[in-house]
Amino acid sequence: TYTSPSRNTQINSVAFSPNGNMVAVGDGNSQVAVYAPKAGNPLAMAVQGAEFGEVNGVAFTPDNGAVVTAGKDKRARLIAGPKPDGSSAGNTATK
């Protein structure tokens, strides 16, 4: 079972990584979490910021290295995925 990264809002989108080792969850509070399905614990979390609105879509890149989000603000963002040690690379590009 996965919960909203904010824990107090709805989940808007869910996606499995191509290799099946991660699940991305986007919520109504502009937050994205990446979980390890077998462990259920978050590997990384990212906050788009309240000014961007809710996350309406998430998808992994084919190489499993990043998550692309679609926000209510009509923008797509590329968020670097978790590093092998589970920490987040923290880089975000907006288009």
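Note that the structure is a prediction, hence the values are computed from the model and not measured. (Residues numbered from 1 in each chain as written. Predicted model: local features only at pLDDT ≥ 70, side-chain atom pairs only at ≥ 80, totals over all residues. Heavy atoms only, no water.)

Summing up its helical and strand segments, the protein has zero helices and eight strands in all. Reading the protein from its N terminus to its C terminus gives the helix and strand order β-β-β-β-β-β-β-β. Put simply, of all contacts in the protein between residues at least 6 apart along the chain, 30% involve residues at least 24 apart. Carbon and sulfur atoms provide 53% of the accessible area of the protein, an area that totals close to 5,200 Å². (Helix = DSSP H or I, 4+ residues; strand = E, 2+ residues; numbered from the N terminus. Contact = heavy atoms within 4.5 Å. Areas by Shrake-Rupley, 256 points an atom, 1.4 Å probe, with all protein chains shown as cover.)

Once that is clear, we can look at the confidence of the model for the protein. Per-residue confidence for the protein averages 77 on the pLDDT scale, and 66% of its residues sit at or above 70. Counting contacts from residues 91-95, a segment whose pLDDT is below 50, to residues more than four positions away or on other chains yields 14 contacts. (pLDDT = per-residue confidence, 0-100.)

With that settled, consider the pairing of strand E6 (residues 66-71). In regular strands, side chains alternate between the two faces of the sheet. Summarising the sheet, strand E5 (residues 55-60) and E6 pair through five bridges and their orientation is antiparallel. Of the residues in E6, the one forming a bridge with glycine 57 is alanine 70. Where E6 lies against strand E7 (residues 76-80), five bridges are found, and the strand directions are antiparallel. The residue bridging valine 67 from the neighbouring strand is isoleucine 79, located in E7. Count of turn residues in the E6/E7 antiparallel hairpin: four residues, of which lysine 74 carries a positive phi of about 70°. (Pairing = 2+ DSSP bridges.)

Now for the nonpolar core. In terms of nonpolar packing, the biggest core is built from ten residues, these being Ala15, Met22, Ala24, Val32, Val34, Val55, Val58, Phe60, Val67 and Ile79. Every residue in contact with phenylalanine 60, bar those within four places of it in the chain, is listed here: Ala15, Phe16, Ser17, Pro18, Met22, Val23, Ala24, Val34, Ala66 and Val67. (Core = buried A, V, L, I, M, F, W, Y, C linked by side-chain atoms within 4.5 Å. Buried < 20%, exposed > 50% of the residue type's maximum accessible area, 1.4 Å probe, protein only.)

As a further point, take the pattern of salt bridges. As enumerated under the stated definition, the model contains one salt bridge in all. Residues aspartate 73 and arginine 77 are paired through a salt bridge, measuring 2.7 Å at the closest nitrogen-oxygen approach. Residue class for arginine 77 comes out buried when judged on its relative accessible area of 2%. (Salt bridge = Lys/Arg side-chain N within 4 Å of Asp/Glu carboxyl O.)

With respect to the helices and strands, the residue phenylalanine 16 is situated in strand E1 (residues 11-16). You can call phenylalanine 16 exposed: its relative accessible area is 55%. Separated by 42 residues in sequence, phenylalanine 16 and valine 58 place their C-alpha atoms 9.4 Å apart. Phenylalanine 16 has contacts with Met22, Val23, Pro37 and Phe60, leaving out every residue within four places of it along the chain.

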